[in-house]
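Coordinate analysis (summary)
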Amino acid sequence: MTARVSRRSFLAGGSSLVVGFTLLGGLDRAEAANPNGLLRINPTAPASTTEAWLVLTPGATTVYSGKVELGTGVQTALTQIVAEELRLRMSDVQFVQGDTVLVPSQGFTAGSKTLQQGAVTLRQAAATAYAALLNLAAHYLRVDPSRLVAHEGRFRIAQRETSVSYRKLLRGTNTVLPLNTSAPQVAPVDYRIVGTDADRVDLPAKLTAQFRYTTDVTVPGMLHGRVVRPSGRNANFNSIGNVDRAQAIPGFVRVVQIGNFVGVVATSEWAAARAANPTTGITVSWTPGPALVNEASLPTALRDPANQYKATVELDTGDVDAAFASAAKVYQASYFSPFHMHGAVGASSAVADVRPAPDASGIQATVWSGTQGVNNLRGAISGLLGISAPAVRVLYTEAAGCYGHNGADDAAADAALLSQIVGKPVRVQWTRQNEHGWEPLGPAQAHDMRGVVSGAGITAWMHTIYAATHGSRPSATNAGTLLAGQFIGKLPDPLPSSAGDASGRNSEVTYTFANQRMEAHLVKSFVTTGPTSATPATPLVHLLPRSSSLRSLGGLSNTFANESFFDELALAGGFDPFQLRLDSLTDPRALSVLDAIKPAWRSRPRGGNGVGAGVAYQQYELVNAYVATYVEVAVDAASGKISVQRVVVAHDCGLIINPDGLRHQIEGNVIQGISRTLKEEVHYAGDAITTLLWAAPPGTSAPAYSVIRFNEVPPIETILVDRPDQPVLGAGEPAIGTMAAAIGNAVFAACGARLRTLPMTAERVKAALP
């Protein structure tokens, strides 16, 4: 278990320099390496604040990051930034992340904001620390600071051999400084680490099977739990049978039932799995509930005002109504994308250790989770367990990668609830069926587009979007945002006051159309009924599958509609779609990424013979990274199969920290974008998800959640536009938004089939062929 030390005793115990660090108790590597010195920089004055970002001791330089490594390489990039500013080697920098006791809260690691936000703070913290070290060195060497140069942890007087190490300067130091946002930073022209293909710091352990993932976490006395899910989203608990059969399984400990939450605990995972299996262990009877909105009618149901919670106009410039009224023709088109899964290859897991009372440091519950938001999960679990949030410690442990809100938080809640009941640590491992059947999904979206095109280009544009919420992540104040919380009768957060939550990202466009409107309709995903004799535990009726954040939060669907309709209007007006994009933009950075793919467009296959090319553009969230994508496809008219042959992406996200890492992010966006465009679709019947496996079992016709295979990945070319003088912008999500539209536009060029529904299956291609 983790040793404990008070903040006061730590700060009084030796020499150090700290930049913005949270010391609420806990002994970690930096503290253990601090027998003789510490330097601390706080985010703000006064220096007594409890938060800090960076700790320097004679034995270690440690970053404390609220943004976590999800497998995307951000730990490497953040380490590069700190090492650059401190003039250290990357191997000199240690990294502590996602610990609600030890690190500052930086919200969720999501939305392509880790470098965009976290890098700024850490750069300032490292610059603040370097300035303090520089002054210490100048005093020690009795020279003006301007005469000193630093390299790999040592100051040297310019053109002389006299030097002093950081280690020596820190001995006897106990300094706490506020974050200085004006501290001088390394000029881009002097970068030696930032902007290089630095090796991933996390890969050696992963490639040698030494890395400790969430599934590898063990603690002394740990038991294993499995949760038995209801038969559907609206089913309610009735009874449990065959408990004696479960009790006969070696290692069986207990059955737990609270409302609709049913689980078993055993001394081994195998025993827990057998005890939860209806053929070998307990059997649970459920009272069926109402069906969800019929899947086949989703496009219509989303547009039905009776199913909507609120509608708001999110953008209205010019006079759209007058432009439509005076137009010779108003073009219209409708688009649709289904529910999508996160599709993590590894199912979620978690470990929780909930004790009857707080320990000496005030911690009563410790949770190990692959969550993207440790602090929000801490608050939600505190409400679930009925204990204070400061008594819950959540430790981030890397899990199977995913972009968005998958089952990680819910697995943690399962483990915490079971642990509290049995009084011992419990590990919960979801199965593939759990993950596919119960993870939050990216919501289905419907789009109605209207526009006018004339000799001057596109003169009027309207996008109306219909979708359920993209945001039901764990709330720090509401256990009802956890699946286990809903099962024991707690309600999710109320729907937001604005329908803008339905619009997601990039529902608007950055083209210079004179008249534009975007209207969002937020669809109800559930209603509350109040406790009744039939539903005593869960006064909640789901109308749609539970939805939440998935990579780009609607950006793929929105840009699919926007950029497909752009092509439709361009072709209707007799314009080259690529040139019209150039003519409809004024931002030099937007024009730059389009110019970067212009050679591919000029040499494109001309289409009409089953081979075609398409483009799509977006500026992520309207103010962040710029992406232009070119795609070539081949379409087999006989089978309807689409094969992506080539992808070229031009990407401008400001200053590039690690070009190799950025390429990997773009390639991941492209691959997942192709998969969601051509293959992925959640199916359900009644109130239960039916796509529970990657492939249907042999001899069955069960629906499966199909994803792209390795042999279907095309050549991907990336064009990186580096702007060292510009702020860092995120790259985790921008490129995926362009993929569906670029593919759809290429398909139309190849064979004349305009596809407005995802996924673009062979059946839909054949149905759309002219």
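Numbering of residues starts from 1 in each chain and follows the order in which that chain's sequence is written. It should be noted that, the model being predicted, local features are given only for residues of pLDDT at least 70 and side-chain atom pairs only at 80 or more, the latter also being counted only at that level, while totals for whole chains, interfaces and linings use all residues. The side-chain numbers reported here are obtained from all heavy atoms of the structure, hydrogens and water having been left aside.

**Points about the sheet that holds strand β7 (residues 154–157)**
Strands pair, by our definition, only if DSSP identifies at least two bridges between them. Only DSSP runs of H or I reaching four residues or more are called helices, and only runs of E reaching two or more are called strands; each is numbered from the N terminus. Taking strand neighbours across the sheet as the criterion, the 3 strands line up as β6-β7-β8 in an open arrangement whose pairing is antiparallel. The sheet is open, and its two edges are formed by β6 (148–151) and β8 (163–165), each paired on a single side. Sheet twist, expressed as the mean angle between neighbouring strand axes with direction ignored, is 20°. Pairing analysis gives 3 bridges linking β7 to β8, with the strands arranged antiparallel. Counterpart to R156 in the pairing with β8 is S163. Only the contacting stretch of a helix is used when fitting its axis, a line to C-alpha atoms as for every element, and angles between N-to-C directions run 0 to 180 degrees.

**Some words on helix α19 (residues 659–678)**
Working note: α-helix, 3.6 residues per turn, so residues spaced by three or four point in the same direction. Its 20 residues give α19 an end-to-end C-alpha distance of 29 Å, which sits within 8% of 28 Å, the value for a rise of 1.5 Å per residue. Near the N-terminus of α19, the side chain that reaches the backbone nitrogen of D660, with its oxygen 3.2 Å away, is that of N658. Multiplying 1.5 Å by the helix residue count minus one yields the expected span of that helix. Nitrogen and oxygen atoms within 3.5 Å of one another constitute a polar contact, given that in protein one can donate a hydrogen and the other can accept it, and given that sequence-neighbouring residues count only through two side-chain atoms.

**Some details on the domain arrangement of the protein chain**
Parsing the protein chain into structural domains produces domain 1 (7–197), domain 2 (214–289 + 343–438), domain 3 (295–339 + 441–480 + 489–523) and domain 4 (576–768). Between domain 1 and domain 4, the residue contacts involve 18 residues of the former and 19 residues of the latter. Two parts lose some accessible area (1.4 Å probe) when they are put together, and adding that loss for both gives the buried area. Across the domain 1/domain 4 interface, buried area totals approximately 1,300 Å², and carbon plus sulfur atoms make up 53% of it. The largest per-residue losses of area from domain 1 upon contact with domain 4 belong to S112, Q116 and D197, which jointly make up 38% of the total buried on that side. Where a domain begins and ends is set by an automatic assignment or by a domain database. The contact criterion used is simple: two residues touch if any of their non-hydrogen atoms lie within 4.5 Å.

**Structural notes on the pairing of β6**
Only protein chains enter the calculation, and the probe is 1.4 Å; a residue is then buried if its accessible area is under 20% of its type maximum, exposed if over 50%, and partly exposed in between. In β6, alternate side chains face the same way, and those of L148 and A150 are buried while those of V149 and H151 on the opposite face are not. When β6 meets β7, the two strands line up antiparallel, connected through 4 bridges. Residue pairing in the sheet places H151 in a bridge with R154 of β7. Between the antiparallel neighbours β6 and β7 lie 2 residues, among them E152 with a positive phi of about 50°.

**Observations concerning the packing of α19 against helix α20 (residues 739–751)**
Packing of α19 against α20 leaves a shortest axis separation of 8 Å and a crossing angle of 60°. By the angle between their directions, the pair α19 and α20 is classed as oblique. You can see that α19 and α20 cross each other, and the crossing is right-handed. Seen from α19, the contacting residues are N669, V670, G673, I674, T677 and L678; seen from α20, they are M739, A740 and I743. Residue polarity follows a fixed list, in which Ala, Val, Leu, Ile, Met, Phe, Trp, Tyr, Cys and Pro are nonpolar, Asp, Glu, Lys and Arg are charged, and the others, Gly among them, are polar. Partitioned by chemical class, the residues of the contact of α19 with α20 number 6 nonpolar, 3 polar and no charged. Convention used here: angles under 35 degrees read as roughly parallel, angles over 145 as roughly antiparallel, angles from 65 to 115 as roughly perpendicular, and any remaining angle as oblique. What makes a crossing left-handed is the near helix being turned counterclockwise from the far one by less than a right angle; a clockwise turn instead makes it right-handed.

**Looking at the layout of surface pockets**
What the largest pocket holds in volume is close to 1,200 Å³. Using protein atoms alone on a 1 Å grid, points that fit a 1.4 Å probe yet trap it form a cavity, whereas open point sets bounded by protein on both sides within 12 Å along at least five of seven lines form a pocket; residues with an atom within 4 Å of a point count as lining. Lining the largest pocket we find 40 residues, and of these G343, V345, G401, C402 and Y403 sit closest to its centre. Among the elements that line the lining of the largest pocket, the one with the most residues is α19, at 8 residues. Of the residues assigned to the lining of the largest pocket, the class counts are 16 nonpolar, 17 polar and 7 charged. Grid points are joined across faces, edges and corners, and a volume is the space filled by probe spheres set on the points.

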